[in-house]
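Now for the letters of each chain:
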Amino acid sequence: MRQPGRYSRLMMCGGITGRSGPHSLPLARIKKIMKNSGEDVKMISGEAPIVFSKACELFIEELTRRSWMTTQQGKRRTLHKEDIESAVVGTDIFDFLVSLVSDSCNSEDIITPVGIEILDES
Amino acid sequence: MEFQNQHGTRQSGGPQRSSQMILQSSGESCDNPGPVMNPPLAGSSDNNTEQRAPQCLVREQDRYMPIANVIRIMRRILPPHAKISDDAKETMQECVSEYIAFITGEANERCQREQRKTVTAEDVLWAMGKLGFDNYVEPLTIYLQRYRESESSDRSQFVKREERQLMDYYPPGHAGQVAMMPPPPPSYGPGYYFGPQHGPPMYDPSTMGMFRDCSSSDAGGGGSSSASGAQGENSLGGFDPFGHFK
């Protein structure tokens, strides 16, 4: 991959350097959340929040995409919390969010017994 | 659903999060500079959660990513006519924080198992792979590489040192001026995900200004210091700055 000259590279990378230019998500906030994750996190390298800033973008994009599909299925134009809940329930890797999104009073609508049945395979 | 709530707490009609304050455990140092008393009525309803007082509390806004940033990222995905309900925005904020905590927990456990104190970027990437987010690992790896490269190219003190080394290696009298220097080797150790460590300074086309006259306009692609570049050149023997002129 051809690299442009130094100055244009700096400009190009202005968005992702730790020092200059904003990340999409604030690094200090990410670090706080990491520290407060309750797991006795001692020290965090400087690069870890940077990885998370991008990872959270990817995460939000994926969850939004999946939620929007539910919205479209309902022929609606407004993305609601229920769409997010539906996306969470329907995606394996979002299992860790199930209890979070179903904390609302709608839990009986969200947690359907699909997949909880014990299949009798002989 | 109307979001307006004159006490400023984030409620979406459900019973969740009626109390927005979380007491820090006593052993924990509090990052917050002290109680922040926001007026209960304000335009931006997300940040007004504190009604009382002066303990070491995690403010709600510190538990979540700023809602504006979250919305902006969501809007990249959604068509222009789409709307997002307020409870969806809040839910997304909560999900992001939960995601960070989830990954961090796994990464931290690995650190503790290996008796390390610092959660590194590699730990985070490892945890993501382990927890099912392996399709994120590659783009994040590339992102991190680019970040490290851009960081290392910012270090001007390395630039001067490398300048001197290259001046010794290549006798002066070519261009005479020392323009740009190749970036120094990145200072991180061999990464779990990042392939072989760079050896000597990778050749940067911008250094061509040093060795050529102005006739050659294309600096060529050989001097890339990124991962996709000449990774095989780990010894100075393979270093051929004049290769493009042959």
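Residues numbered from 1 in each chain as written. Chains lettered and ligands numbered in written order. Predicted model: local features only at pLDDT ≥ 70, side-chain atom pairs only at ≥ 80, totals over all residues. Heavy atoms only, no water.

## Section: the overall build of chain B
Reasoning step 1: Per the secondary structure count, chain B includes seven helices and four strands.
Reasoning step 2: Along chain B, helices and strands appear, N-terminal first, in the series β-β-α-α-β-α-β-α-α-α-α.
Reasoning step 3: Burial statistics for chain B: of 246 residues in total, 47% are counted as buried.
Reasoning step 4: Nonlocal contacts in chain B, meaning residues at least 24 apart in sequence, comprise 56% of its contacts between residues at least 6 apart.
Reasoning step 5: Accessible surface, chain B: about 12,000 Å² in total, of which carbon and sulfur atoms supply 52%. (Helix = DSSP H or I, 4+ residues; strand = E, 2+ residues; numbered from the N terminus. Buried < 20%, exposed > 50% of the residue type's maximum accessible area, 1.4 Å probe, protein only. Contact = heavy atoms within 4.5 Å. Areas by Shrake-Rupley, 256 points an atom, 1.4 Å probe, with all protein chains shown as cover.)

## Digging into the overall build of chain A
Reasoning step 1: A tally of regular secondary structure across chain A gives six helices and two strands.
Reasoning step 2: Written out in order from the N terminus, the α and β elements of chain A read α-α-β-α-β-α-α-α.
Reasoning step 3: Taking all 122 residues of chain A together, the buried fraction comes to 47%.
Reasoning step 4: Partitioning the contacts of chain A with sequence separation of at least 6, the portion at a separation of at least 24 is 29%.

## What about helix H5 (residues 134–153) of chain B?
Reasoning step 1: Its 20 residues place the ends of H5(B) 29 Å apart at the C-alpha level, agreeing with the 28 Å of an ideal helix rising 1.5 Å per residue.
Reasoning step 2: Counting buried positions along H5(B) yields 14 of 20 residues, so the element is predominantly enclosed. (Expected span 1.5 Å × (residues − 1).)

## Quick word on the nonpolar core
Reasoning step 1: Judged by nonpolar contacts, the single largest core of 60 residues is most densely connected at Phe52(A), Phe59(A), Leu63(A), Tyr99(B), Met128(B) and Phe133(B).
Reasoning step 2: Of all elements in the fold, only helix H2 (27–35), helix H3 (47–73), helix H4 (81–89) and helix H5 (98–101) of chain A together with helix H2 (67–77), helix H3 (86–113), helix H4 (121–130) and H5 of chain B reach the threshold of two or more residues within this core.
Reasoning step 3: When residues in this core are grouped by element, the largest group, 11 residues, is from H3(A).
Reasoning step 4: Setting aside anything within four residues of it in sequence, one finds Met128(B) in contact with Phe52(A), Ala55(A), Tyr99(B), Ile103(B), Phe133(B), Asp134(B), Tyr136(B), Val137(B) and Leu140(B). (Core = buried A, V, L, I, M, F, W, Y, C linked by side-chain atoms within 4.5 Å.)

## Examining the environment of Ile73(B)
Reasoning step 1: One can find Ile73(B) in helix H2.
Reasoning step 2: Here Ile73(B) falls in the buried class, since its relative accessible area comes to 0%.
Reasoning step 3: Those residues within four positions of Ile73(B) in sequence are excluded, and the remaining contacts are Ser24(A), Leu25(A), Glu57(A), Ile60(A) and Glu61(A).

## What to know about the packing of aromatic side chains
Reasoning step 1: Under the counting rule described, the total for this entry stands at 10 aromatic pairs over all chains.
Reasoning step 2: Between Phe59(A) and Phe94(A), the ring centres sit 5.5 Å apart and the planes meet at 80 degrees, which makes this aromatic pair edge-to-face. With Phe59(A) in helix H3 and Phe94(A) in the loop between H4 and H5, this residue pair connects regions lying 35 residues apart in the sequence. For the residue pair Phe59(A) and Phe94(A), the accessibility class agrees, reading buried in each case.
Reasoning step 3: Ring geometry for Phe96(A) and Phe102(B): centres 4.2 Å apart, planes at 10 degrees, overall stacked. You can see Phe96(A) sitting in the loop between H4 and H5 and its partner Phe102(B) sitting in helix H3, one on each of two chains. (Phe/Tyr/Trp six-rings, centres within 6.5 Å; stacked < 30°, edge-to-face > 60°.)

## Some details on the side chain of Thr70(A)
Residues and elements named next belong to chain A.
Reasoning step 1: Within the element layout of this structure, Thr70 appears in helix H3.
Reasoning step 2: Side chain to side chain, Thr70 and Ser86 meet in a polar contact 3.3 Å long.
Reasoning step 3: Every residue in contact with Thr70, bar those within four places of it in the chain, is listed here: Arg76, Asp83 and Ser86. (Polar contact = N/O pair within 3.5 Å; in protein donor to acceptor, adjacent residues only side chain to side chain.)

## A look at H4(B)
Reasoning step 1: Burial analysis of H4(B) places eight of its 10 residues in the buried class, which makes it a mostly covered element.
Reasoning step 2: Of the surrounding elements, those touching the buried residues of H4(B) are H3 of chain A together with H3, strand E4 (118–119) and H5 of chain B.
Reasoning step 3: In the segment just after H4(B), Gly132(B) is the residue with positive phi, at about 105 degrees.

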